[in-house]
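The lines below spell out each chain.
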Amino acid sequence: MKLYLDTSNPKTILKLDDKVYEWDSGRTLARDLLKYLHERLVENNSDWQDIEEITFMSGPGSFTGLRIGACIVNALATELNIPLYNHRGEKVELIMPEYGRPANITPPKK
């Protein structure tokens, strides 16, 4: 099974082979993403070990959404020992989010 994940927007897009799912993840992405992925796999009579490759929409987009999604797909690809691709179809060892602009990091207030 091929998995595609896009967490660049508040509406998360997941594709499992030809099936497309949209989830209004909002501020629950970090807490619920793995559960959501597993529930969709079970719906398709599958489990983690059935994933053969992962493609991730690496950006531009939401700073936090991209970080969370990249962390999940990097961990899954490593643990399942499967290929990982960015949204341009390039095989990569590790997804690095592409934010589309420099991070807006403010100095500490203390």
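Above this text you will find the structure in question.
Residues numbered from 1 in each chain as written. Predicted model: local features only at pLDDT ≥ 70, side-chain atom pairs only at ≥ 80, totals over all residues. Heavy atoms only, no water.

**Q** Explain the side chain of Thr 7 residue by residue, including any values.
**A** With respect to the helices and strands, Thr 7 occurs in the loop between strand E1 (2-6) and strand E2 (11-16). From its side chain, Thr 7 meets the backbone oxygen of Gly 65 in a polar contact 2.7 Å long. Apart from the residues within four sequence positions on either side, Thr 7 is in contact with Thr 12, Leu 29, Leu 33, Phe 56, Gly 65, Leu 66 and Gly 69. (Helix = DSSP H or I, 4+ residues; strand = E, 2+ residues; numbered from the N terminus. Polar contact = N/O pair within 3.5 Å; in protein donor to acceptor, adjacent residues only side chain to side chain. Contact = heavy atoms within 4.5 Å.)

**Q** Give a description of helix H2 (residues 63-80) that names residues and reports values.
**A** For H2, spanning 18 residues, the distance from its first C-alpha to its last is 26 Å, which sits close to the expected 26 Å at 1.5 Å a residue. For H2, every residue scored as buried is listed here: Gly 65, Leu 66, Ile 68, Gly 69, Ala 70, Ile 72, Val 73, Asn 74, Leu 76 and Ala 77. The elements touched by buried residues of H2 are E1, helix H1 (29-43), strand E4 (53-56) and strand E5 (84-86). (Expected span 1.5 Å × (residues − 1). Buried < 20%, exposed > 50% of the residue type's maximum accessible area, 1.4 Å probe, protein only.)

**Q** An account of the packing of aromatic side chains is requested, with residue identities and associated values reported.
**A** Aromatic ring pairs are defined here through the distance separating the ring centres and the angle between the ring planes. Scanning the entire structure with this criterion turns up two aromatic pairs. Residues Trp 23 and Tyr 36 carry aromatic rings whose centres are separated by 4.5 Å and whose planes lie at 15 degrees to one another, so their mutual orientation is stacked. Of this pair, Trp 23 sits in strand E3 (residues 19-24) while Tyr 36 is found in helix H1, placing the two residues 13 residues apart along the sequence. Each member of the pair, Trp 23 together with Tyr 36, is buried. Both rings, one in Phe 63 and one in Tyr 99, keep their centres 4.6 Å apart while their planes meet at 40 degrees; by these two values the pair is tilted. One end of the pair, Phe 63, is in helix H2; the other, Tyr 99, is in the segment after strand E6 (91-92), and 36 residues separate them in sequence. For Phe 63, a relative accessible area of 39% puts it in the partly exposed group. (Phe/Tyr/Trp six-rings, centres within 6.5 Å; stacked < 30°, edge-to-face > 60°.)

**Q** Can you lay out the packing of H1 against H2 for me, pointing to particular residues and giving the numbers?
**A** Two elements in contact, H1 and H2, have axes separated by 10 Å at closest approach and are oriented at 40 degrees. In this view, H1 runs oblique relative to H2, as classed from their interaxial angle. Between H1 and H2 lies a crossing of right-handed hand. Across the interface between the two elements, Leu 29, Ala 30, Leu 33, Leu 34 and Leu 37 from H1 touch Gly 65, Ile 68, Gly 69, Ile 72 and Leu 76 from H2. Counted by class, the contact of H1 with H2 contains eight nonpolar, two polar and no charged residues. (Axes fitted to C-alpha atoms, helices over the stretch in contact; angles between N-to-C directions. Parallel < 35°, antiparallel > 145°, perpendicular 65-115°, else oblique. Left-handed = near helix turned anticlockwise from the far one by under 90°. Nonpolar A, V, L, I, M, F, W, Y, C, P; charged D, E, K, R; others polar.)

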